[in-house]
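Architecture at a glance
The residues making up each chain are set out below.
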Amino acid sequence: MQDELLFNRPLVEKYDRPGPRYTSYPTAPQFHAAFAEDDYRSAAERSNRAAEPKPLSVYVHIPFCKSLCYYCACNKIITHNTERAAEYLQWLKQEIFVQGALFDTTRRMTQLHLGGGTPTYLSNAQLSELMAALDEAFHFAAPEEREFSLEVDPRTVTPDQVHELYALGFNRLSFGVQDFDHDVQQAVNRVQSEEQVVSLVKAARETGFDSVSVDLIYGLPLQTVASFDTTLTKIIDLQPDRIAAYSYAHLPELFKAQRLIRPEDMPPPERKLELLELTINRLTAAGYVYIGMDHFALPNDELSLARENGTLQRNFQGYSTHADCDMIGLGITSIGKVGDTYSQNVKETAQYQHRLDEGRLPVFRGYRLSDDDRLRRDVINTLMCHGRLAFAAIEARHNINFHSYFASALASLEEMAEDGLIALRDHEIEVLPSGRLMIRNLAMAFDAYLKPTENRYSRTV
Ligand code: SF4
């Protein structure tokens, strides 16, 4: 696999267009309401009967936040009424027990991720209640096999609480920093001091967390190359194991919160590319490995090692080191992947409670993959995780002739090959250093559902 990453400005500009992030294939717009609760129950049953049932990975969505970040595109509920979270937790526990009963207790739960919203909106006592319910309903893997992670809003926890999170069984933390610059923080209504973040990262290290990640966003209002350079210097000094640097997608027509950002504060498009170039240069010069799609990790981090030895995976949270798991989504909006199906929970708390109250699972839509979907998912995942696709391996796994099956996709890739982004050989596709940033464009060639005019997605670079 190519380790080198080249930022070629004219090509980045040429290929920067809307496209899915492929945390699933088919992507969520293909999910439909004809796939409902019974289909999900059957999928769980089939997954238990597999010759080798997969381990389980659980995602829990905590939708609450105390204040609104203006760049936010997440499904969240802004409230200071902590009663709402207490009530939600009770329904969540109900779902945990219904879901837990669907899966054989011999199946180990190796992965847990709490996302939001703000998972640390819940007090440590509430998180403890949540963990106890999960432990009762599922079979936790041994501590050394677990990857239990939590997204932390630095404004909501203290260093002491970080110690308590470790005691609850979490071994990975991800801190939402976005940018240390005060003007930028004010422009997006998310003010947090550098000291807060530094003290929390220090507490996580002292406590023994296996991995600390930091999330950054480039392309925010008032960001300049100089100001973001300062943020990057401070982050590099902190040496988190992983850094995710996301591109801010400003879509105020789709996301109401973003209308609160003053249009005149938005950086021009060329600044965004300068910020991306700066981020790549600074992080790679500091020794971080580019994993793919916004993610960087220290060379000895499991993600870098997995990339090197070809075991990298992709799931709803991005890149992962864990072997293919069946994924269970809990809480509103969460998405699951069990066997060859995807399923999604309802998006409103009232509907969520109503369904659970009736003894039903809150699944409202989903998708069962066809043979063609499975084949294309394999192609897209292989390209995104390994940067190289050997046609013979796909032919053996899916019983097709690659060249005839994908004749039109291969023809559409010739331009990327001519531009030096990929090597298109008789027996394989290889992603070249200049093409690593355009991996979504490559995946899009194999997407049977994508319409050329779709612009519901963020831009690919
Ligand atoms: S960015 Fe995160 S913390 Fe801010 S409003 Fe959105 S979900 Fe809440």
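The structure contained in this document is the topic of the report that follows. The residue count restarts for each chain, going from 1 along the sequence in the order it is written. The model is predicted, so local features are restricted to residues of pLDDT at least 70 and side-chain atom pairs to those at 80 or more, both for listing and for counting; the totals for chains, interfaces and linings are taken over all residues. Calculated side-chain values reflect all of the structure's heavy atoms, with hydrogen atoms and water omitted.

**Concerning the environment of A133**
Secondary structure counts use DSSP, requiring at least four H or I residues in a row for a helix and at least two E residues in a row for a strand, with both numbered from the N terminus. Its place among the elements puts A133 in helix 4 (residues 124–137). Residues A133 and K93 lie 40 residues apart in sequence; the distance between their C-alpha atoms is 6.3 Å.

**Notes on the pairing of strand 20 (residues 428–431)**
Side chains E428 and E430 project from strand 20 onto one buried face, and the interleaved I429 and V431 project onto a second face that is buried too. A strand pair is defined by DSSP finding two or more bridges across the two strands. Bridge analysis of strand 18 (residues 388–390) against strand 20 gives three bridges, and the strand direction is antiparallel. Within the sheet, the bridge partner assigned to L389 lies in strand 20 and is I429. Alignment of strand 19 (residues 422–424) against strand 20, held across three bridges, turns out to be antiparallel. The partner of I422 across the bridge, within strand 20, is V431. In textbook terms, the turn of a hairpin is the stretch between consecutive antiparallel strands, and for strand 19 and strand 20 this stretch comprises three residues. When accessible area is computed with a 1.4 Å probe and restricted to protein chains, residues below 20% of their type maximum are described as buried, those above 50% as exposed, and intermediate ones as partly exposed.

**Here we look at the packing of helix 5 (residues 159–167) against helix 7 (residues 194–207)**
Each axis is a line fitted through C-alpha atoms, taken for helices only over the stretch in contact, and angles between the N-to-C directions span 0 to 180 degrees. Look at helix 5 against helix 7: their axes get within 9 Å of each other, and the N-to-C directions meet at 35°. Both helix 5 and helix 7 take part in a crossing whose hand is right-handed. Residues P159, V162, H163 and Y166 of helix 5 touch helix 7, and the partners they reach there are S199, L200, A203, A204, E206 and T207. In the scheme used here, Gly and all other residues not listed as nonpolar or charged are polar, with Ala, Val, Leu, Ile, Met, Phe, Trp, Tyr, Cys and Pro taken as nonpolar and Asp, Glu, Lys and Arg as charged. For the contact of helix 5 with helix 7, the class distribution of residues is six nonpolar, three polar and one charged. Take the far helix as your reference; a near helix turned counterclockwise from it by less than a right angle gives a left-handed crossing, and one turned clockwise gives a right-handed crossing. Residues count as neighbours in contact if any of their non-hydrogen atoms are within 4.5 Å of one another.

**Remarks on the pattern of salt bridges**
The salt bridge definition used is simple: a Lys or Arg side-chain nitrogen within 4 Å of an Asp or Glu carboxyl oxygen. This model, assessed by the stated rule, comprises 33 salt bridges. We note a salt bridge from K93 to E129, for which the minimum N-O separation is 2.7 Å. Here E129 lies in helix 4 and K93 lies in helix 3 (residues 82–100), a separation of 36 residues in the sequence. Classification of K93 by relative accessible area gives buried; the value is 18%. E129 gets classed as partly exposed once you look at its relative accessible area, which sits at 30%. For the salt bridge of D153 with R155, the shortest nitrogen-to-oxygen distance reads 2.8 Å. According to the relative accessible area criterion, D153 is buried, its value standing at 8%. The exposure class of R155 is partly exposed, given its relative accessible area of 26%. Among the charged side chains, a network of salt bridges with common partners joins R46, D340, R368, D371 and R374.

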